[in-house]
Amino acid sequence: MDSSEIERLLAAYYDKDMHYESGKILGSMYSTPPEPVLRAFFKFYQANLGNPGLYPGTVEMEREVVKFLLRLTSGQASYFGHVVSGGTEANIMALWAARNMGYRRILATEDVHFSVLKAANLLSLPVQYVPMRDFVMDTQALEDMLQDRDIVVLTAGTTPTGYIDPVEDVARVCRTLNCYIHVDAAFGGFVIPFLYPEIKFGFNTEGVKSVTIDPHKMGMAPYPAGGIVARENIFKSIEIDAPYLSTGKNAGLLGTRQSGSVAAAYAAILHFGMEGYRTMVKECMANTKYLWSRAKEEGFEVLADPVLNILNIRVGEVNKVREKLFKMGWGISTYPKYSSLRIVVMPHITREVIDTFLKDLKKVG
Ligand code: 0PR
């Protein structure tokens, strides 16, 4: 086929998909990255950090990204880390390393991201749920359950509510035992430092060994770009011989890996910088509060006052409402457990979008 025919055929599929530009995707943790970031992706899209020896330039950019992730998580530049395909791979790598280091059981709340359950299944690690209080881990309950060699997975910005598990309190409870604390800040890592610099969720709490923090969520990088950072070289425990590769070793889940997104994540960091991210995050939070007050004005019940830029609106028959909204062009996540619609207020969710959405929701909610 010639290229115009291919394009014509593909356009039909493209039109079936939802697009961020429409402003109608309300349930994702992603927004269209700025133009220079996308250009970086395409310039480097053939780089493959599965064989780093061929791509020393991209290796350097990965290190720069990791250094920025360490800055956001209060780590030191000498700490360790990788840019990976997403929060799932980051969580799997951390838990894989923890298991190989001799830790035996995962403790987490029910609001932990399902990738942690996936990792537990892959790694044959048992999971015990710790009760929650006000949407975060109940430290008292944890204290009663905790055993030596447990892995405590905390979430800084949970997937359903955006709430932040009490990292410092948990670390205090863990202090007398040999436990592994992993913090999943896949979403919150690019938000908390800009809204609440006083909240400790990273390496400024002793006992936190690794943190997941994803450029392809609030870091405004295109996928696949997750991040895993660690205080010590935990990756040593998952390293495997790869004699024919330039480095002779591989310490990750994937082999070949799309590394245009490493260049793009670096470009996003250069494009926004700390100040640019702060401005963007504050705008998202202001819009979240706008959504919160407008929804209440319209008579909707909001599940929990927003801490980060995630808001849940409670509706009856949540799946039916979601289907109706979908027919009106809205892409939204639901949390059946809370009977709520979850809205992640990313940069494309403007006040105009919010007003239109609430009008539509009134018709079907
Ligand atoms: N940890 C947390 C706290 C997460 O919220 C997520 C994903 C992950 C880990 C896993 O990250 P990856 O998806 O990068 O592997 N949370 C989003 C969610 O479930 C993922 C998502 C993104 C869902 C876009 C839908 C969507 O359209 O909401």
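In this text the structure is predicted, and so the values were computed from the model without any measurement. (Residues numbered from 1 in each chain as written. Predicted model: local features only at pLDDT ≥ 70, side-chain atom pairs only at ≥ 80, totals over all residues. Heavy atoms only, no water.)

Overview of the pattern of salt bridges
Our working rule: Salt bridge, as used here, is a side-chain nitrogen of Lys or Arg placed within 4 Å of a carboxyl oxygen of Asp or Glu. Each helix is a run of H or I in the DSSP string that is no shorter than four residues. Each strand is a run of E no shorter than two, and both are numbered from the N terminus. Working definition: with a 1.4 Å probe on protein chains only, accessible area under 20% of the residue-type maximum means buried, over 50% means exposed, and in between means partly exposed.
Scanning the model with the defined rule gives 18 salt bridges in all. Linking K337 and E110 is a salt bridge whose minimum nitrogen-to-oxygen distance equals 3.8 Å. Of this pair, K337 sits in the loop between β14 (333-335) and β15 (340-344) while E110 sits in the loop between β2 (105-108) and α5 (114-123), placing them 227 residues apart in sequence. When its relative accessible area of 43% is taken as the criterion, K337 is described as partly exposed.

Examining the pairing of strand β9 (residues 226-230)
What counts, and what does not: Pairing between strands requires that DSSP locate at least two bridges from one strand to the other.
Of all 5 residues in β9, 5 are buried; the element is thus mostly enclosed. Alternating positions in β9 separate into two faces, G226, I228 and A230 on one and G227 and V229 on the other, with burial throughout. Note: strand β1 (residues 80-84) against β9, 5 bridges, orientation antiparallel. Among the inter-strand pairings, F80 is bridged to a residue of β9, identified as A230. Here strand β8 (residues 208-212) runs beside β9; their pairing, made up of 3 bridges, is antiparallel. Counted as the bridge partner of T212 is I228 from β9.

Quick word on the site of the ligand
For clarity, the cut-off: The criterion for a residue being near a molecule or strand is simple. One of its heavy atoms has to lie within 4 Å of it. Two N or O atoms form a polar contact when they lie within 3.5 Å of each other; inside protein one atom must be a possible hydrogen donor and the other a possible acceptor, and for residues adjacent in sequence the pair counts only when both atoms belong to side chains. In this classification, the charged set is Asp, Glu, Lys and Arg, the nonpolar set is Ala, Val, Leu, Ile, Met, Phe, Trp, Tyr, Cys and Pro, and all remaining amino acids, among them Gly, are polar. For the domain bounds, the source is a domain assignment made automatically or taken from a database.
Around the ligand, a shell composed of 17 residues is seen, among which S28, T88, T159, D184 and H216 lie nearest. Note that a nitrogen atom of the ligand is positioned 2.6 Å from one of the side-chain N or O atoms of D184. Between K217 and the ligand, the recorded distance is 2.9 Å, taken from a side-chain N or O atom to an oxygen atom. In terms of residues, the shell around the ligand owes the most to one element, helix α4 (residues 87-100), which gives 3 residues. Residues of the shell around the ligand, tallied by class, amount to 2 nonpolar, 11 polar and 4 charged. When we break the shell around the ligand down by domain, the ones giving at least three residues each are domain 1 (3-34 + 273-364) and domain 2 (35-270).

Observations regarding a nonpolar patch on the surface
Selection rule: Patches here: salt-bridge-free residues with over 30% relative accessible area, like charges joined within 9 Å, nonpolar side chains (Val, Leu, Ile, Met, Phe, Trp, Tyr) joined within 5 Å. Accessibility throughout is a Shrake-Rupley quantity obtained with a 1.4 Å probe, and a residue counts as covered only by protein chains that appear here.
Taken together, M1, I6, L9, L10 and Y13 make up a surface patch of nonpolar side chains, about 550 Å² in accessible area. Its place among the elements puts Y13 in helix α1 (residues 3-16).

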